[in-house]
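Structural description and commentary
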Amino acid sequence: MKFLRVNMTEGKVRVEDVPQQYAGLGGRGLTSIVVNSEVPPKCDPLGAENKMILAPGLLSGTTFVNTSRLSIGAKSPLTGTIKESNAGGTMAAALGHLGITAIIVEGQAPKEDLSILRIDQNGEAALLPAQAYKGMGAYFLSKKLLETYGEKNAILCIGPAGELQVSAASIQATDVDGRPCRAAGRGGLGAVMGAKGLKAVVVDQRGRSAGAIADPDAFGEAVKAFAQAVKAHPFSGQMLPALGTAGLVAPVNSMGAFPSYNATKGVLDGWEKLSGENMAKIITERGGRTTHTGCAQCIVHCSNEYVDKQGKYMTASLEYETIWSMGGMTGITDLDVIARLDYLCDDIGLDTMSTGVAVAVTMDAGKAKFGDGNAAIRMVEEVAEGTEFGRILGNGPAAVGNHFNHHRVPVVKGQSIAAYDPRGMQGNGVTYATCPMGADHTAGNVIGEYLGGALDPLKADGQVVASRNTQIAMAAVDCTGLCLLASFALTTPEGGQAFLKAMNAKFGTNFGPDAIPAMGIRVIQAEREFNANAGFTSKDDRLPEFFYKEPLPPHNKVFVVSDTDLDSTFHFSQ
Amino acid sequence: MRVRVKLFGTLSLRFPGHDPAGVLEVDVPDQAKVGDLLALLGITQVENVVAAVEGILLKTEDLLKEGTTVHLLQAAYGG
């Protein structure tokens, strides 16, 4: 197993054995611990001192199902904190097949230089000139790169937003069909990649240098047992294949926790038009695909292909968070408009969540009407054009709020909240406030506790513990490459045992169940250490004031978890 | 008494001919609880179905009211 160190200043790639201090790490654990060790906490996120780390999970590239998440880490230009954002697609498996534990992109290319990092099926890596691709959108770029290097390649790339280095820029990843519709969206990591002068990473998927498996027989048994647990789980085995993540539109609106009209209501008028149920009906009527394999080794198939009235591809995959940000927050209830906005964001290389919320803040500031789809499309197009307003919008909702001097900006540490209002799901508010990476739902989503009847979403009791436990679990899961949407099988006895057995069989270890949360705690501690050294304190672990003061209909509740309780979130011994 | 039921997720597939966008009108005994409604619809506890009315999640022992619209949801864990 090896590291590739890509020095953009010198234009050179160096291969090294995995340093001892990083042994046994993968995914988010590796990106966060490398960033904490090697990146000066107070550095300019868009300068030469920042590093961008690409790390497949510990199980990526093996036969273990749904382990195709690639972690990308750096200091974030959006939040100023440490950041890990992970994407599906094919890149994590491709790197795993080549025995590459991490790619560390260092330094900074001379201004205006643009390169591609190409890794062939033998693992030979080189930086190649990419001036011909300057300004290109992710879709056309991916098509050209696959024509040049062959279809059996995985691609990570930035669009115009990344080249412009705006703070909501994403890194797009190709799916199994070679479309750049998967994203490491959060935290503005596309801007870091753009600042390095790196337009794309192109990796052959046919590598045969994967790390050894200590006990292949036991590993194979564990793979089968875990796959059965994923299929047997009602969420990953039934609901997600049928409706995708959009199946959450109904539950969250039914709970009154769907932040709508820039988080002034908890139920969107006409939300049924955006529901997973209605989306599946539209896709079926038009001849699209309600279920689809988006990522390598996926057995959940939550992806979809949304098509227009003529049956022509519009986007893949239309996801819950995008439907919320571009629909709920903006008041747009036309799925065709939302699909167009999703495609634009993927092509321009923008986080759909931050961008949708930035559009909503613009509307709330009175610069466009809620529900105006054409205005929203025009705003997003302006990012690619590099207009003055486009750059403001591309820097996310906080930049828009500052520009218009508008107070209602739903961000924590500069990053927008997700599709769960903290007043209607108090535990998600704890996660938004305390997560080391700004408001981030995947770091600790507590919705399962509410819908499972274990916790009252509207009261303070139990929310900190629920958030803490979920944040620890997710930090561990994010080390392995396992997709969040398959990870719920871990909560079943069969799934949990199979997962632990697979980890031990892969690495020849004899870890018990406590090793998994211990891994999560180690990661969070490293992330918090980096943030503390960057100047963040507990005062930064707070929600915006309006969540404490403006009641959210229909419950008319505010966020009620106390600061003292928030500050106990990472008291791990409790 | 009669309650109105909206089915979400894949629940509507259990009722052949039911329009997923439509409403089921269900007659339940007076003083019926959420658990009674689920049992009447053949939904067992292990299926992790939860009821919501006007933005509030209900427990199986909560009483139903005449004419209320109940959303029946499958447990979901995030996305």
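So, here's what we can say about the structure.

About the criteria used
- Residues numbered from 1 in each chain as written.
- Chains lettered and ligands numbered in written order.
- Predicted model: local features only at pLDDT ≥ 70, side-chain atom pairs only at ≥ 80, totals over all residues.
- Contact = placed C-beta atoms within 7 Å.
- Helix = DSSP H or I, 4+ residues; strand = E, 2+ residues; numbered from the N terminus.
- Pairing = 2+ DSSP bridges.
- Axes fitted to C-alpha atoms, helices over the stretch in contact; angles between N-to-C directions.
- Buried ≥ 20, exposed ≤ 12 C-beta atoms within 10 Å, placed from the backbone.
- Parallel < 35°, antiparallel > 145°, perpendicular 65-115°, else oblique.
- Nonpolar A, V, L, I, M, F, W, Y, C, P; charged D, E, K, R; others polar.
- Core = buried A, V, L, I, M, F, W, Y, C linked by C-beta atoms within 7 Å.
- Expected span 1.5 Å × (residues − 1).

This brings us to the interface of chain A and chain B. Taken together, the 34 residues of chain A in the interface contact 21 residues of chain B. Contributions of two or more residues to the side of chain A that touches chain B are made by helix 7 (234–243), helix 8 (249–254), helix 10 (320–328), helix 17 (447–451) and helix 19 (484–487) of chain A. Top contributing element to the side of chain A that touches chain B by residue count: helix 7 of chain A, with six residues.

Moving on, we come to the sheet that holds strand 15 (residues 313–316) of chain A. Residues and elements named next belong to chain A. Taken together, the three strands give an open sheet; going across it, the order is 13-14-15, and neighbouring strands pair in antiparallel fashion. The sheet terminates laterally at strand 13 (289–292) and strand 15, the two strands that pair on one side only. On average, adjacent strands in this sheet sit at an angle of 25° to one another, irrespective of strand direction. Inspection of the sheet shows strand 13 paired to strand 14 (residues 303–307) by two bridges, in the antiparallel sense. From the neighbouring strand, R289 faces strand 14, where its bridge partner is E305.

Residues and elements named next belong to chain A. For I417, the location among the structural elements is in the loop between strand 17 (415–416) and helix 16 (426–434). In this structure I417 comes out as buried when scored by C-beta crowding, with 29 C-beta atoms within 10 Å. On a C-alpha basis, the gap between I417 and A502 in space is 34 Å, while along the polypeptide they are 85 residues apart. Apart from the residues lying within four places of it in its own chain, the contact partners of I417 are P259, P410, V412, P422, Y432 and A439.

Residue and element names in this part refer to chain A. At a closest axis distance of 10 Å, the pairing of helix 11 (residues 335–348) and helix 13 (residues 373–385) adopts a crossing angle of 5°. Taken together, the axes of helix 11 and helix 13 are roughly parallel relative to one another. Contacts from V337, R340, L341, L344, C345 and I348 of helix 11 reach helix 13 at G373, A376, I377, V380, E381, V383 and A384. Split by residue class, the contact of helix 11 with helix 13 holds ten nonpolar, one polar and two charged.

In this structure, A:I53, A:I171, A:A200, A:F226 and A:A502 are the most contacted members of the largest nonpolar core, which totals 212 residues. Leaving out residues up to four positions away in the same chain, A:I53 has contacts with A:L30, A:T31, A:V34, A:V35, A:G73, A:A74, A:A102 and A:I104.

This part covers the sheet that holds strand 3 (residues 52–56) of chain A. All names here are of chain A. Read across the open sheet, the six strands follow the order 2-1-6-3-4-5; overall the sheet is mixed. In this open sheet, the two edge strands, each paired with only one partner strand, are strand 2 (12–17) and strand 5 (82–87). Ignoring strand direction, the axes of neighbouring strands in this sheet form an average angle of 20°. Bridging between strand 1 (residues 2–7) and strand 6 (residues 100–106) involves six bridges; their strand directions are parallel.

Turning next to the pairing of strand 9 (residues 153–157) of chain A. Each regular strand carries side chains that alternate between the two faces of the sheet. Residues and elements named next belong to chain A. Taking burial as the measure, the five residues of strand 9 include five buried ones, the bulk of the element. Side-chain alternation along strand 9 places N153, I155 and C157 on one buried face and A154 and L156 on a second face that is also buried. Bridge analysis of strand 9 against strand 12 (residues 198–204) gives five bridges, and the strand direction is antiparallel. Each bridged residue has a counterpart across the sheet, and for L156 the counterpart in strand 12 is V201. Bridge count for strand 9 against strand 10 (residues 171–173) is two bridges, and the pairing is antiparallel. Residue C157 lies in a different strand from strand 10, and its bridge partner there is Q172.

The next thing to look at is helix 3 (residues 138–149) of chain A. Residue and element names in this part refer to chain A. Over its twelve residues, helix 3 extends 16 Å from the first C-alpha to the last, a length consistent with the 16 Å expected when each residue adds 1.5 Å. In this structure, the buried side of helix 3 is in contact with strand 9, strand 10, strand 12 and helix 11. Looking at the residues trailing helix 3, positive phi occurs at G150, about 105°.

All names here are of chain A. In this structure, the amide linkage connecting A316 to the following residue, S317, adopts the cis form with an omega of -20°. Mapped onto the elements of the fold, S317 is located in the loop between strand 15 and helix 10. With omega at 10°, the peptide bond leading from P553 into P554 counts as cis. Its identity is not glycine, yet A263 carries a phi of approximately 60°, on the positive side. With respect to the helices and strands, the residue A263 is situated in the loop between helix 8 and helix 9 (276–286).

So, to be careful, I would describe these as geometric facts and stop short of saying anything about function.
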